[in-house]
Structures are given as C-alpha cells and as structure tokens.
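# Residue-level structural notes
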Amino acid sequence: MTRHALVALIISALVVAAPLAQKNAPAKPGGNAKLDALKQEAVADVESRTQFAQQMVDQIFSYGELGFQEFETNRYLIDILKKNGFAVQEGIAGIPTAFMATWGSGKPVIALGSDIDCIPQASQKPAVAWHEPMIEGAPGHGEGHNSGQAVNITAALAVKKIMEREKLPGTLRIWTGTAEELVGTKAYFVRAGFFKDVDIALFTHVGENLDVSWGERAGNGLVSVQYSFVGETAHAAANPWRGRSALDAVELMDIGWNFRREHLRLSQRSHNVITDGGDQPNVVPRTASVWYYFRETDYPHIKELWETGDTMAKAAAMMAGVDLLPTKVLGSAWPQHFNKAVAETTWANIQKVGLPQWSDEDQQLAKALQKELKNPRAEGLRTKLSDGLQGPVRENTGGGSDDIGDISWNVPTVTLRYPSNIPGLPGHNWANAISMATPIAHKGVIAGAKVQAMTLLDLVSRPELVEQAWKYFKDVQTKETKYEALIRPEDTPAIWLNKATMDKYRPEMKKYYYDPSRFKNYLEQLNIKYPTVRSTTTQ
Ligand SMILES: [Zn+2]
C-alpha cells in the first residue's frame, strides 16, 4: 500500500467513525449530528451506485455527440430520469436536445446542471496513451463532458431516497449544459425563465482535482458572432471585373483584426474560423462567412470588442464592394462568478470525501500520457487536495469561458470540479478523452457525486445557508454589476450547428455504442487492455 493509499484509508475510516462519535456528543455550534448521519448514509448510497454511474459515463462517452446534436445522450438521460420519478420538460427554450427534469416540491429549488457535448476531431480509444482515434476525423469526448451528468444524477437519486423517507421539503432539478462547447444555450435558458424560481444552482464540470471556488473566476466571457458577406459570381479568369468576392471581405476583415489585435487589452482572446470560403477557384465567391469568438473579462469589454468586430466587418464589405448580411450571434457567455456560502459548504464536504484511491494502473496511464505529450513533469494523477478554498482571482489575465456564467449572475451558483481527468493536457483535444471511459473517470465521478450529495443535504436541511447565499449574491456580487444578456432579442439558439458533421460520422459511430447488457464496461467491449501504454514507458 502506498503512503497516499494509507492516508486515504485512515481518512475514510475517520469519516465513517465521525457520525458515530457525534451521536453521544453535545451538539456544537454549526454541528448537526442528524445531518451528519444523513450525509454518511448518502455517501454509502452513492458508493452502492458505482456501476450505475460507470455505465452512464461509458454510454455517453460512446455517443460522442457535438453541441446541439446530442439526441442519443438526451434520450438516454431522459429515460433514466423518468424511470426514477422525475417529470421531464423536453426541448426547452427551443432547443431539441435540452431538458429540465424535476422531482419533489417546495423550497429550496436546487438545479443540478452539467454539460453533455463533445469536441470536433477528438475521437480517441480510451485507455490508450497515445493518439489513436476510434474513427479518423470523428468527434469525441475531448473535454470529458460525458461524465458530469453521472455526478449529478447519482447524487440526486441518493438524496431523493433520503428526502422521501425523512419527508424533507425541496425540489431537485436536473438540466443539461447543451452545446457548451459553443456556449450556445444557457443564456437562452435564463431568457426563457428556467432559473426564475431556482434558489441555488449546483453545476459540475470535469477537472483534475476535487475543488470549488468563489468570487470572480479566472477566464473570460464571450460573444460568438458569424459575419456573412454577399457579392456576385463571375468567371474568375475571363471576366474577373464583373465579379465581387465575398471571400475578399472575409480575408480583409481577418487581416484588419490581426493588425488591431496588437492594440487590444492583454486579457482579450479572439479567434475565428472561415465557415464558408467559396466553392471553387474559377468562380468568384458570391457568399463567404467568418465566425469569431470575442472574449474579454467583463460585459462592457466584451461589448467593446464586438463593436470593433462589427466595424471591421462593415469596412471590409466596403473595401470588397460586397454586402454584409445581418450578423448572427451563435453563442455567448458571461464571465463566471461563484457564490461564497455555497462554495464554503461544498469545500467542507470536499475535505470530508477526499480524493479517490488511484490504482497503480491509473497512475501508469496518467504518467504515460503526460510523457507522450512531453510534459516535463510527468507527475501522474493528483493525490492532494488544494491547500484551501480558492477565492476570487487576483489578476484576471483571461482564458476560457463557460456559459454557466449567465446562470451564475441570475442565481447563486458554484461549479464543483471532480478529478476524472489527467493533469497537464492541452484541452479540446483527443488526449483529454483518454481517461474518460476508464476507472480514472469512474472514480472521479463517484467522488464528485459524494460531495454533491452532501451539499444537497446541507441545502435542504439548513435554510439559513440558502439565505446566506442570496445575501452574498445581492449585497456583494450584484451590488454594482447587473446582468444584461449578450444575446439580442432577435437571436435564437443556433440549433443547426454540427448537424452535417454528425450526419457524416454517426453511422460509423453507431457501431461502437456501448452495450451494458453485454459488457461490464466500455473497455471490455472495445477489448482494450487497461492501461495500454508504450512498452518503454512501463519500465
Ligand atoms: Zn467544458
């Protein structure tokens, strides 16, 4: 047994012993023997659902669906929730692959969310420590969004059982972060009123440690905009003077933006892809489109960046002599701000649960992948929680986004991160898929579900906690900053995105859908040895 394993064993023994010891002890301030006992029961219940959670993680991994096309995942989750007594509203906010499931009644209303979509070109055989796609060019779970619903649903079912028996009032909602990789839906959920009566939002996202934070989080908000131009075709050699190239406008806009980039704030991130670059070289392109992400640390700066982009597009159209069509917003996200009271409660539960006990095989896979990626410190999986609860970012130098930001500015929210992935990976990449249908992901999910279950019990048993959360939300977080949606009244969810890609790959992907009636886990179905590492890295 390793030292870490021994420590983990002692901690878990203490966790088991703690409620027993408290039974005879006088109630101390903040202590609650009954609540502790219920939490202990929920933790054991989550543990007993290990196979249920594993199947969910593996099943969604095998579906590998891109944003707005999560039809199999959606159907699968809705069936599980209905079977377990949830009422499900399907296709919410005009999004076919989004739902809101509800169980229980009365206050508090707690909404548990997590993302479900995957990453283009991230197809990867799980547990193999190098790039080996299952299907060349196909999408895959290169961000680990196949695991978060298992965290929430496993926790909710354990807590539901206790709430029923103890007759605890409260409503549990389960919802999907549909098309998160496009930051495509959460602002629409807010606009459609789905968070109006919610008291607390508990979000969860895969990470490399078990943690939570409060206050402004490092990273950016963003707006995602498509610019489309229309010119006129002509024979590109015989009569080029008769044509007007929409592609010229796209290229001029990109050149202009890249000059301007030097004079933008350091915290901005902006990037684009050309989604329509014309048809063939000898026909002057009549239509062309370019899709931009404009990221900044706060709402006014996102708006400013967006206006600069609009100016650039208009100027490019003038230079090319073409028309700029009305722009389309394809997604948006507010910067994230998390609730102090809920984060503190979650953090206390994280410390009780601790990190999973990793096997030698788990560590072997992690280290082999880190070496494969030439990570200078191939340290394997995390074996220590962070030193303390993380507070607001000191200097936000910008970075990624998640549209949970929009919800976090409407309802007290936290994001629980659970250790289902390997540290030191590039993100949005095949490497991030490798652990996601292996024991690493499964153990991380169970640890996350235990924390989530304990936090749910805190929220339904201690009304003062919900009050504190709203006090922070009203008196601190939103004292000066008020939420204004980045989506405009005329914008609608971009539900057509990714359809062509899924149509192309789905027939082949279907052959690899996980069949839990025949195989214990997905690795068994794929006949992959755990872990599969290069022979040199095993020495
Ligand atoms: Zn994500």
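Up top is the structure.
Before going into details, it helps to say that this report is about the structure given with it. Every chain is numbered independently, its residues counted from 1 as its sequence is written. A pLDDT threshold of at least 70 governs which residues receive local features in this predicted model, and a stricter bar of 80 or more applies before side-chain atom pairs are shown or counted, although totals over entire chains, interfaces and linings include all residues. The side-chain figures draw on all heavy atoms in the structure; neither hydrogens nor water molecules are used.

## Quick look at the overall build of the protein
Threshold: For the purposes of this entry, the term helix denotes a DSSP run of H or I that reaches at least four residues, the term strand denotes a run of E that reaches at least two, and both are numbered from the N terminus. Based on C-alpha atoms, the radius of gyration is set beside the globule rule, defined as 2.2 Å times the residue count to the power 0.38. Accessibility here uses a 1.4 Å probe with only protein chains present; expressed as a share of the type maximum, an area under 20% marks a residue as buried, one over 50% as exposed, and anything in between as partly exposed. Only heavy atoms matter for contacts: two residues are in contact if any of them lie within 4.5 Å across the pair. Using a 1.4 Å probe, the Shrake-Rupley method yields the accessible areas, and only the shown protein chains count as cover for residues. Charge assignment in this entry is limited to Lys and Arg as positive and Asp and Glu as negative, and neither His nor the chain termini are counted. Charge positions come from single atoms, namely NZ of Lys, CZ of Arg, CG of Asp or CD of Glu.
The secondary structure content of the protein amounts to 15 helices and 13 strands. Taking 2.2 N^0.38 as the reference for a compact globule, 539 residues should give roughly 24 Å; the C-alpha atoms of the protein span a radius of gyration of 24 Å, in line with that estimate. Taken along the three principal axes of its C-alpha coordinates, the protein extends 90 × 60 × 45 Å. A total of 539 residues make up the protein; the buried ones form 57% of that total. Pairs at least 24 apart in sequence give 82% of the contacts found in the protein among residues at least 6 apart. A total accessible area of about 23300 Å² is found for the protein, and carbon and sulfur atoms account for 53% of it. Taking the average location of the 58 positive side-chain charges in the protein and that of its 60 negative ones, the two points are 4 Å from each other.

## What to know about the pairing of strand β4 (residues 170–177)
Rules: Here a strand pair is declared whenever DSSP counts at least two bridges between the two strands. By the criterion used throughout, a crossover qualifies as right-handed when its path from the first strand across the helix to the second strand runs clockwise, the strands pointing away from the viewer.
Among the eight residues in β4, eight count as buried, and that is most of the element. Pairing of strand β2 (residues 99–105) with β4, which is carried by six bridges, proceeds in the antiparallel orientation. The residue bridging W103 from the neighbouring strand is L172, located in β4. As judged from the seven bridges shared by strand β3 (residues 109–115) and β4, these two strands associate in the parallel manner. Bridge pairing in β4 links S114 to T176. A crossover links β3 with its parallel partner β4, the connecting element being helix α5 (residues 148–166), and its sense is right-handed.

## Description of the pattern of salt bridges
Rules: Definition used for salt bridges: Asp or Glu carboxyl oxygen within 4 Å of a side-chain nitrogen of Lys or Arg.
Summed over all chains, the structure comprises 32 salt bridges. Measuring nitrogen to oxygen at the nearest pair gives 3.0 Å for the salt bridge that ties R165 to E166. Of the residues examined, E166 reaches a relative accessible area of 25% and is grouped as partly exposed. E379 is the partner of R377 in a salt bridge, and the nearest nitrogen-oxygen pair spans 3.7 Å. Under the relative-accessibility criterion, E379 is labelled partly exposed at 48%.

## Topic: the sheet that holds strand β5 (residues 200–207)
Hydrogen bonds between backbone groups are what pair the strands of a sheet, and the pairing can be parallel or antiparallel. Put simply, the test is: The convention used is that axes are lines fitted to C-alpha atoms, helices contributing only their stretch in contact, and that angles between N-to-C directions extend from 0 to 180 degrees.
The strand order across the open sheet formed by six strands is β1-β2-β4-β3-β5-β13, and the pairing between neighbours is mixed. Pairing within the sheet leaves two strands with one partner each, and these edge strands are β1 (87–90) and β13 (413–419). The mean inter-strand angle of the sheet, taken between neighbouring strand axes irrespective of direction, is 20 degrees. With respect to the sheet, helix α4 (residues 71–83) is in contact with β1, β2 and β4, its orientation differing from that of β1 by roughly 155 degrees.

## Some details on the side chain of D211
Here D211 lies in the loop between β5 and β6 (215–216). With no salt bridge to any partner, buried D211 finds its closest opposite charge in R417, at an N-O distance of 5.2 Å. Contact partners of D211, with chain neighbours within four places excluded, come to I350, S386, Q390, T415, L416 and R417.

## Some points on the side chain of T171
To keep things clear, this is the line we draw: Under this definition, polar contacts are N or O atom pairs within 3.5 Å; protein pairs additionally need one hydrogen-donor-capable and one acceptor-capable atom, and for neighbouring residues in sequence, both atoms have to be side-chain atoms.
Within the secondary structure, T171 sits in strand β4. Judged by relative accessible area, which is 6%, T171 ranks as buried. In terms of polar contacts, T171 uses its side chain to reach the backbone carbonyl oxygen of G106, at 2.7 Å. Contacts of T171, omitting those with residues within four sequence positions, involve T102, W103, G104, S105, G106, P108, V109 and I110.

## Some words on the packing of helix α3 (residues 50–63) against α5
Rules: Note on angle classes: values under 35 degrees are labelled roughly parallel, values over 145 roughly antiparallel, values of 65 to 115 roughly perpendicular, and the remainder oblique. Note on convention: the crossing is left-handed when the near helix lies turned anticlockwise from the far helix by less than a right angle, right-handed when the turn is clockwise. Residue classes follow a fixed rule: Ala, Val, Leu, Ile, Met, Phe, Trp, Tyr, Cys and Pro count as nonpolar, while Asp, Glu, Lys and Arg count as charged, and any other residue, Gly among them, counts as polar.
Where α3 contacts α5, the two axes come as close as 9 Å, and the packing angle between them is 150 degrees. On the basis of the axis angle, α3 is roughly antiparallel to α5. Considering how the two elements wind past one another, α3 and α5 form a crossing that is right-handed. Together, F52, A53, M56 and V57 of α3 and Q149, A150, I153, T154 and L157 of α5 make up the contact between the two elements. Here the residues of the contact of α3 with α5 sort into seven nonpolar, two polar and no charged.

## Re helix α8 (residues 299–320)
Think of an α-helix as 3.6 residues a turn; residues three or four steps apart then line up on the same face. Basically, it comes down to this: Between the first and last residue of a helix there are one fewer steps than residues, each counted as 1.5 Å, and that sum is the expected span.
Between the first and last C-alpha of α8 there are 32 Å, a value that for 22 residues agrees with the 32 Å anticipated at 1.5 Å per step. If you follow the buried residues of α8, they end up packed against β7 (221–230), α7 (246–260), β9 (287–296), β10 (323–324) and β11 (328–333). In the stretch just after α8, G321 is the one whose phi turns positive, near 70 degrees.

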